[in-house]
Each structure stands twice: as structure tokens, then as C-alpha cells.
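Understanding the architecture of this molecule
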Amino acid sequence: MSTAVTTVKPVMPAKHYLNDNYGIRSWLLTKDHKRIAVLYLVSITFFFFLGGIFAALIRLELLTPQGDLFQSDTYNKLFTMHGVNMIFFFLIPSVPAVLGNFILPIMLGAKDLAFPKINLMSWYIFIIAALFSLAALVSGGVDTGWTFYTPLSTGYVRTNVIVMAVGILIAGFSSIFTGLNFIVTVHRMRAPGMTWGRLPLFVWANYAASLIMILGTPVIAITLILVALERGFHIGIFDPKLGGDPVLFQHMFWFYSHPAVYIMILPGMGVISEVVTCFSRKRVFGYSFIAFSSVAIAVFGFVVWAHHMFVAGISQYSAMVFSLLSFAVAIPSAVKVFNWTATMYKGSVTLETPMLYALAFIGLFTIGGLTGLFLAALGMDVHIHDTYFVVAHFHYVMVGGMVTAYIGGLHFWWPKMTGRMYPEAPAKLAALITFIGFNLTFFPQFILGYLGMPRRYHSYPEEFQVLNVLSSAGASVLAVGFLLPLIYFLWSLKYGEVAGDNPWNATGLEWTTTSPPPTHNFHEVPVVTEEPYAYGEEEGSGVH
Amino acid sequence: MVKRRDLVSTNQTTTTEHHPALAHHFDNMEQQQGASTFGMWVFMLTEIMMFGGLFAAYLIYRLKYYDAFKAGSTSISVSWGFANTLVLIASSLTMALAVWAAQRGDRKKQVTFLILTMILGAVFLGVKAKEYKDKWEECHIPGHVIGKGFNTWGGCDVNNPKLGNIADEMRDPKEHGDPSIPEVSAIQTAKQTEIFFSFYFAMTGLHAFHMVIGLGLLTWLTLRARSGEFGPAYYTPVELGGLYWHFVDIVWIYLFPLLYLISRHQHHG
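Read on for an overview of the structure. (Residues numbered from 1 in each chain as written. Chains lettered and ligands numbered in written order. Predicted model: local features only at pLDDT ≥ 70, side-chain atom pairs only at ≥ 80, totals over all residues. Heavy atoms only, no water.)

Details of the interface of chain A and chain B
Contacts between the two partners involve 52 residues from chain A, matched on the other side by 45 residues from chain B. Both sides together, the interface formed by chain A and chain B hides about 4,000 Å², and carbon and sulfur atoms give 71% of it. Here chain A is connected to chain B by one salt bridge. Note that K64(B) and D245(A) form a salt bridge whose closest N and O atoms lie 3.2 Å from each other. Summed over the shared surface of chain A and chain B, the number is 10 residue pairs in polar contact (both at pLDDT 80 or more). In terms of residues, the side of chain A that touches chain B owes the most to one element, helix α7 (residues 201-233) of chain A, which gives 11 residues. For the side of chain A that touches chain B, the residue count by class is 35 nonpolar, 11 polar and six charged. (Contact = heavy atoms within 4.5 Å. Buried area = accessible area lost by both parts, 1.4 Å probe. Salt bridge = Lys/Arg side-chain N within 4 Å of Asp/Glu carboxyl O. Polar contact = N/O pair within 3.5 Å; in protein donor to acceptor, adjacent residues only side chain to side chain. Helix = DSSP H or I, 4+ residues; strand = E, 2+ residues; numbered from the N terminus. Nonpolar A, V, L, I, M, F, W, Y, C, P; charged D, E, K, R; others polar.)

What follows is the structure, given as C-alpha cells:
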């Protein structure tokens, strides 16, 4: 094993996965999980900024109380396309398909995921799905909201719901195959000594998210098939005019789409566990609690879906049960937050960029999670459902949580993926700008929602303007925070300092191999002899 | 818990013979087979969830509109459904025999049993097509578009001699709804029966789609079996293809009673 000593300037390894092969074919036909991760990275970056453009247009419209920039129809399409792009084509694949794909097999000491061809196939399926979604976009967009509620979606709107539903259905299979691959890999491909109790917490988190992917996604698939059939052939399962029941659609939709938010947040929590531990230079506090809280979130996540339907006419008693269970999800989430905090306590905390993002995550996720409890409370929900309070809550968890974790994780593993460091000063600046911009965008929305501003309208009463202007101003700051990393990451590919094997002095198998890793990840099959996160005793030597 | 793994460089392996089907990232055939089989079971779990969503929706409506579901069920042919059930069970047997032949490396038997399985699968789909055609002629296609409406309320010819017994059922106010308002209850039952047929086509259609995929898989397996790829050391693809085929059969074993056998005795007793 080669050990990079900090006094010697690290050099790039002669042979690694990026220069193993050249040409477009070597990328498009690759079965290397690391290259597939890069393919995903490029694709979802596109969708992130596309979804961002829609968000920018929404915020531009909401600068003034009158609906003056867009017709309400156009506005409906904007928020639908924003939601669909961000959820199905960015958030769900973000950490699992990019960071997970790249790091998870290396963390286990495996040469690849269990099914490399299926892994590549999942990317192609994702691209086909993306083409359907773009086809729906250029042929006029879809205006139902990302939730596709029936009978609006099946009987009333005139936009391309079927094309979009097929796109999301196909994207679901990409997600199923990623989840399946992760589960089999974790079970069957661990290196000698890598017991379940030694799995990095990032692996536990992705494993839990994979469980949701394989169990939840098929249900949205069948639901969207029924929506498409109903729209195409009027089969009437969800349309009350034809004897069907729209509330059944909501049950089936949220049976997936609520757990789906845990598909989105769990892998992000995994990133935070790695980053917080590394930059606190301490063993993680409560390893097994963090590991099992991931699984607990996955399990609880499946039995809380009807909290989206408190005002949809479900029975009071089931609403009470779902409310109670929704409060229960807060327990494993809080377990994580407390354990991260306890890990930092008395640690040698340093504030490198990934750590800044991790700290932002802990604060913003806590706000997002606690406001979720407001919404889980039956009486409160009647008042604030379908208002900007929900929008703010969701974005605190998804942007303040997941996007922050994803960008933080990207910084953390960027030297591993490319062999080069990003520039630290602009990166810290970008983290700060993102944090300020994010809070300026979304905190006013809590107040707006509490005051009663409904979501999904392109105009609003004049007394809401000040807060909306603040929010739109924040969105432009946030955009700068997101564009900066794009610029300096690209810059670092050529001009970044050579990182060396282990620039963070971190533990974990991924830091024992070269940066970038060779095609088969390790020159020798690693053997794990220590507990995970053995920080403190011997610097950065969890493995021999 | 931990798979044994020898400490050798990535280009070598300690197994005495390196099987050509061993992928580079596995240490040995056992690990590869274990991973593939486990992956197939996980995949079938996703299939169960997918059909499960449909079954759950079916059950809800069956409880809600029981009379209409009963009426719809009596209009489809038990004999054809039963015959198809037998065909599928037979195809599961030939599939199992194909796996057995692959394990013994008997090339000829593998190919024979795989082709037999495909023939039985094709027979099943043929019967299914015939049943769909009957429904088409009886105006039992749900929706206003492809079936030109359902029974009496969408412009379909009520006097069609082939029209099933649902129309009679609907005209019989003793059994369905309030006799004082026979038309209203007839229209409601018609709508509810239409939902039964929506499920009938969605569930059997999704099942038939899986059969078509299965036939594709079997064709691929037959070609590989013919070139003698499978033997005692390596038969995982046949085994997993078999798992898939049995799974699709089992789905039908549930579909048959759910769709064809709702309270039959009350009508034929």
C-alpha cells in the first residue's frame, strides 16, 4: 500500500480509471461503476440546472403580486417541470447514483458492483426516461403539479401527462436497478473483515435507501400505468365520474412518494456521517444507533404516507394513526442529529468546505424536520396545508438537507474521483453564499405560509410582497452559490492541486487506494482489521 | 458472514480452472452464483410490490362493488381460464425439467424442454388473445374510446347476440339495487362492472406482458443452451430464468380465482 506523506508532494498515479481507456465508446459502453458514476454526475448536473431555471422563473413571477410575467397555465407548467426535474431526475439519483455508485463498492473493498451491466443499463434507462421527460417539456409541458392528482391529470388537463408519466415510470426502473445492485453488493461483495458492524455509515444509509427503492418504486410504477391507462382509455379506476376513487390514487401515489423523500434524504445523511466524523477527528458517537436509525427511517417511512391526505377526506381515526406514526419518524431522525452533534463534541473540529456543508445540513435539516412535525399535527395541518409553509418545509429538507449533503459530499470525494483538489477559498465562499441564499429564499416562505399564502398560484395579495421579494432575492444569491462550484470544479480538473491518496487523513477503504482509483479499485484485495472511524489512535490508518 | 477471498493480485485466481463465465469482479463461481440468485430474488420482491399495488386496488373495489364484480366475473369463461391454468402449470414443469437438464449438462434435453416451455407459454397467450377477442365482441371493453363505450350507455349494440349476461343481470332489478329506480341502478352497476373489466384487462395485461418478456428470455436461454454453455459448473441463467417463469405462473395462480371465480356457485348451483 502506498502511503502519501504530506511533506512529499503527491503525484498522480500513472494508471487509473480515467486514463485506462480513451474515446467516447470507452465511456458509453463502460461497466466500471466509477465511470458510470461520472456519467450520472454529468446527466444530473444538467437536470439540476434545468430545474433551477424553472425555479428562477417561478421566483421571477412572484416578485410582484400581479400575475404579470406568465399566464397561470404557464406558471402551472413551470412548477410542475421544476418539481418533476428536481425530484425524479436530480434528487433521487443524486447521492446514490453518483457518490454511491462511485464510493460504495470501494468502501466495501469490492472491485465493482455486483451487476456492472445492470448498472450501465440503469444509466441508459435513466437517459431514456429523461428523453421522455424532455419530450413532454418541449411539446408543451405538463401542468398537473408533480403529484399528478386524479381526476385532474386523467380527465381535465390537456397537456402531455402520458408522456411524462411514462418518463417517470421508466426513471423508476433505473432507480430500482441501482437499489437492487447496492443491496446485493452489500450482502455479497464485502472484503474480508468487512463485517456488517464495520460497514461505513454511508453504506448503511444507502442500503436503507435501496430498500425503499426496491419496495416503493414498483408501486409508483403501477400507479402511473393506471393513470396513463385511465387517461388514454378512460378505464375509470381513479375517476369518480366513471365510478372510481381519486383518494385511492392519493394512497397509491404517496405510498411511494412519501418513502421517496427518504430515498432522497437517507443517502445525504450517510454523507454527513462520514464528513462530520472525519473533520471532528473522533470516532463516530453511537455507530450502531446511526446505522439502525437509517433502517428505522426506511421502515417507519412506509407507514406514514397518509399524512399528505389529512384534508382529502380520509377517516379521522386513520388520520390519527398516521399522525402518530409521522411523529415517530422524528425519533430516528433526531437520533442521527444528536449523534452527529455528540461526535463533534470535544473533537478537533476543522472547518474545511465539506464540513461547512455538513454543519449547514445539521442546522437546516433540523429546521426542516421540526417544521414537519407542525404538518404532522392534525389541527395545525388543516391551517397550513397547501400553503408556502409546506413549500418551505420541503425545501429545508430537500435543498437545505439533501442538496447541501450532495454538494458537501461532492467536495469531500472530489479529490478521490478526479485526483485533484478543488480550490479551498472559493469553495468556502460558495458554501457561505449557499447558506445565506438558501435561508433568505426559504425562511420568508414559512411566514408567508403561516399567514396563509397558498402555493401554486402566480398572483397573491399585495401584503405578501415584501416577503416574496426577499425570497426572490435569496434565490438569486442561492443561484450564485450553486454556479460557483460548477466553475471551480471544472477549473480544478486541470489546474487543481494533486490530491494524493488521502488528502483528508480519513479512515475508510476508499482512502487507502490511489486517487483516482485504478479500474479495479485496489491493487491488492484489502483486509479490514479494525472498527470503522478509528480516528484518534493512529492517524488515518483504519486499514493495514 | 464474510465471503472468503484469497489474497492474490487482481489478475490471478486460485481456483484451479477459471470458468469462462466468471466475471472479473467476482472471486469464484460460488460468489457469482450467490450474487445472481440473491439479485433475482430481490428483483422478484419488486415484482411482488408492483403486482401488489394492483391487487390492493382490486381488493378495495371488489369489497366496494361486490355485486358488479360478481356479474363481471360470471361473464368470463371459466373453462378457458382453467385450461390456461393447466397450461401454465405444465409449462412450470417443463421449465423445472429444463433447469434439471442444464444442471446435468444434457444439451438436447435442455433445448427440448425450453422449447416446450415456450410453446406452452405461446398457447397461454393465444388463449388469452381469444378471451380478449370475446370480450371485445361482447362489448366488455372498458372506456369510451377503444370499446365505443360500455354496454347500454356508450352506444354499443345491446342487441348483439353475443352480448354476455351482464345486460340481463342489469335488467333484473330484483338482484341489483332499488327496483323502483331500475335504470339508475343499472347504469351504476354498468359503471362498476366496467371497473371490474378495467382490472381484468390491467391485471391480465400486465401478466401477459410478463409472459412476453419471459418468452424473450427463454429464446435467449435456448440459443445459449444450444451452444452448450450450461453444465454442472454453470447453469445460473437457466435457473434464474426458471425462477422468473415460475413467478409469473404464480401470479396467474392468484389471478385466476380473483378474476374468474368470484362466487361462481351462486350462479350455476
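So much for the structure itself; the text now carries on.
Observations concerning the nonpolar core
Counting residues in hydrophobic clusters, the biggest one holds 248 residues, and the most contacted among them are Y406(A) and F199(B). With sequence-adjacent residues up to four places away left out, Y406(A) is seen in contact with L41(A), I44(A), F90(A), S94(A), V95(A), V98(A) and L99(A). (Core = buried A, V, L, I, M, F, W, Y, C linked by side-chain atoms within 4.5 Å. Buried < 20%, exposed > 50% of the residue type's maximum accessible area, 1.4 Å probe, protein only.)

Observations concerning helix α4 (residues 116-138) of chain A
End to end, α4(A) covers 33 Å across 23 residues, agreeing with the expected 33 Å (1.5 Å per residue, within 8%). Those residues of α4(A) hidden inside the fold are in contact with α1 (24-28), α2 (33-61), α3 (72-108) and α6 (161-188) of chain A. (Expected span 1.5 Å × (residues − 1).)

What about the environment of W27(A)?
Residues and elements named next belong to chain A. Along the chain, W27 turns up in helix α1. Taking the C-alpha atoms as reference points, W27 and V38, 11 residues apart in sequence, are found 9.3 Å from one another. Apart from residues no more than four positions distant in its own chain, W27 is found in contact with L18, R35, V38 and L39.

Considering unusual backbone geometry
Glycine aside, negative phi is the norm for most residues, and most peptide bonds take the trans geometry. Residue and element names in this part refer to chain A. Of note, the amide linkage connecting T150 to P151 takes the cis form, showing an omega dihedral of 0 degrees. Within the secondary structure, P151 sits in the loop between α4 and α5 (152-156). Residue S515 is joined to P516 through a cis peptide bond whose omega torsion reads -10 degrees. In this structure, P516 sits in the segment after α15 (465-495). Unlike most non-glycine residues, H234 shows phi in positive territory, near 55 degrees. Looking at the element boundaries, H234 is found in the loop between α7 and α8 (246-280). Judged by relative accessible area, which is 27%, H234 ranks as partly exposed.

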